[in-house]
Protein chains: 2
Amino acid sequence: MLQQFEILKKAGLSVTESRKTILDLFFAAQGALAHADIEKHSSINIDRVTVYRTLQTFVENGIIHQIPTTDNTILYALCKDSCEAGHHHDEHVHFICVVCNKTNCLDDVMVPMVKLPNGFLPIQTAMIVKGTCIDCRSPHPQPFPQR
Amino acid sequence: MLQQFEILKKAGLSVTESRKTILDLFFAAQGALAHADIEKHSSINIDRVTVYRTLQTFVENGIIHQIPTTDNTILYALCKDSCEAGHHHDEHVHFICVVCNKTNCLDDVMVPMVKLPNGFLPIQTAMIVKGTCIDCRSPHPQPFPQR
DNA sequence: AAATGATTTGCAATATTGTTGCAATATTTT
DNA sequence: AAAATATTGCAACAATATTGCAAATCATTT
Ligand SMILES: [Mn+2]
Ligand SMILES: [Mn+2]
Ligand SMILES: [Zn+2]
Ligand SMILES: [Zn+2]
């Protein structure tokens, strides 16, 4: 209830209904969200355009980070406190379950360093692991794929 | 001239003009290609739909592989010989230059292993490094961004 | 609390990107 | 060369993304 307010304030952004609502969705979500997940969420009625602009603003201000995918989609997930505008600090591994399609931030698994050939100067590294999550291999798996 | 023919034959695919032409593009390219790069290539006149279907077929048959991105796009690059239908074998690092936007397969840089928390069973791992390439830091940089 | 100015939002219009069915064409097999 | 099979292009459609602008909301000042 108060948390979104603080995050937006800290980022120097106006505190609007849309932004609070979308932040809420991220807090409630068990994994990363795509634009479509937000737009099509049942209990929400925010214009597509506003969703686009909000996500962009949040990325630019270090509130959420992007996760690359291989399906013409971008996933977004909440940043940790350490992220700042322009300079993200979340080089953790992302895990995409190929069964339920849920994407987890493995906040405790850092992306390992890797030695690049001469001439390539790294700025940021992403690591995406595809596989199966525990829910999808347990005796009582999720009945349906998520996305 | 003969190479595309062999690749298509080996994959058990019909050898068609479109497929040979698109394969040519990949051989000529200095980096990975997006759908749009192919569709809009000057010296080519293949229907959008055919490009979609060709890329899909090539991926399914281990001729090209996908590279995840963070801009509602999928990049594609030629596979090495070791790739087979259904089972790709190219867990190498990909480098995206943030200046010229060229994407390189670093074929010799393997994606490092990483220990996951309990319950996450990995199948495939991707690693994308963003940074600047040598061309874009040399005294005579590329005049214009590519994409 | 009301007024002011700055920012954000929704709408409409448009552009771009992706999907599907089907007939015409090209390729492979006989 | 003919038959069988697979691919292509077109058309229609669906989904996704971008832009300008007026109305509404939010922050700041009085
Ligand atoms: Mn994350
Ligand atoms: Mn590659
Ligand atoms: Zn799962
Ligand atoms: Zn470059």
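Per chain, the residues get numbers from 1 upward, laid out in the order the sequence is written. Starting at A for chains and at 1 for ligands, labels are handed out in the order in which the entities are written. Totals for whole chains, interfaces and linings use every residue, but because this is a predicted model, local features are given only for residues with pLDDT of at least 70 and side-chain atom pairs only at 80 or more, for both listing and counting. With hydrogens and water excluded, all non-hydrogen atoms of the structure serve as input to the side-chain values.

Visitor: So what's going on with the coordination of the manganese ion (ligand 1)? Which residues, and what values?
Guide: Residue and element names in this part refer to chain A. Counted as donors are N, O and S atoms no farther than 2.8 Å from the metal, or 3.2 Å for Na, K and Ca; water is not among the atoms, and sites may therefore look incomplete. Within the protein, the manganese ion (ligand 1) binds to H65 (NE2), H92 (NE2), H94 (NE2) and C105 (SG); these donor distances fall in the range 2.0 to 2.2 Å. Between consecutive donors of the manganese ion (ligand 1), the numbers of intervening residues give the motif H-x26-H-x1-H-x10-C. In this pair, H65 is assigned in strand β2 (residues 64-68) and H92 in strand β4 (residues 92-97), connecting sequence segments 27 residues apart. Like H65, the residue H92 is buried in the burial classification. Counting from the N terminus, the helices are DSSP H or I runs at least four residues long and the strands are E runs at least two residues long. Per-residue accessibility, obtained with a 1.4 Å probe over protein chains only, is compared with the maximum for each type, and a residue is labelled buried under 20%, exposed over 50%, and partly exposed between these values.

Visitor: Summarise the protein's contact with DNA strand C; cite the residues concerned and give the values.
Guide: In these notes, residues near a molecule or strand are those with any non-hydrogen atom within 4 Å of it. Of all residues adjacent to DNA strand C, which total 20 residues, the nearest are T16, T50 and R53 of chain A together with V15 and Y52 of chain B. A 3.5 Å cut-off defines polar contacts: any pair of N or O atoms within that distance qualifies, except that in protein one atom must be a possible hydrogen donor and the other a possible acceptor, and neighbouring residues in sequence count only when both atoms are side-chain atoms. Residue R53 of chain A places a side-chain N or O atom 2.6 Å away from a base oxygen belonging to DNA strand C. Elements represented by at least two residues in the surface near DNA strand C include exactly α2 (17-28) and α4 (48-60) of chain A together with α4 (48-60) of chain B. Among the elements that line the surface near DNA strand C, the one with the most residues is α4 of chain B, at 4 residues. Each residue is assigned to one of three groups, with Ala, Val, Leu, Ile, Met, Phe, Trp, Tyr, Cys and Pro labelled nonpolar, Asp, Glu, Lys and Arg labelled charged, and all others, Gly among them, labelled polar. When the residues that make up the surface near DNA strand C are grouped by side-chain class, the tally is 5 nonpolar, 7 polar and 8 charged.

Visitor: So, the relation of the copies chain A and chain B: which residues are in play, and what are the values?
Guide: Superposition of the copies was done by least squares, using only C-alpha atoms of residues whose pLDDT is at least 70 in both. Each copy superposes on the other: chain A lies on chain B with an RMSD of 0.1 Å after a rotation of 179° and an axial shift of 0.0 Å. The transformation relating the two chain copies, once decomposed into turn and shift, fits a two-fold axis. In this assembly, 100% of the residues forming the interface of chain A have copies in chain B that are likewise at the interface, indicating an isologous arrangement. Whether two residues touch is decided by their heavy atoms; if any such pair falls within 4.5 Å, the residues are in contact.

Visitor: Go over the protein's contact with DNA strand D with me, naming the residues and quoting the values.
Guide: In the vicinity of DNA strand D, 20 residues are found, and the nearest of them are Y52 of chain A together with T16, R19, T50 and R53 of chain B. Contact between DNA strand D and T16 of chain B: a phosphate oxygen at 2.7 Å from a side-chain N or O atom of the residue. Only α4 of chain A together with α2 (17-28) and α4 of chain B provide two or more residues apiece to the surface near DNA strand D. For the surface near DNA strand D, the element with the highest residue contribution is α4 of chain A, accounting for 4 residues. Class assignment for the residues of the surface near DNA strand D results in 5 nonpolar, 7 polar and 8 charged.

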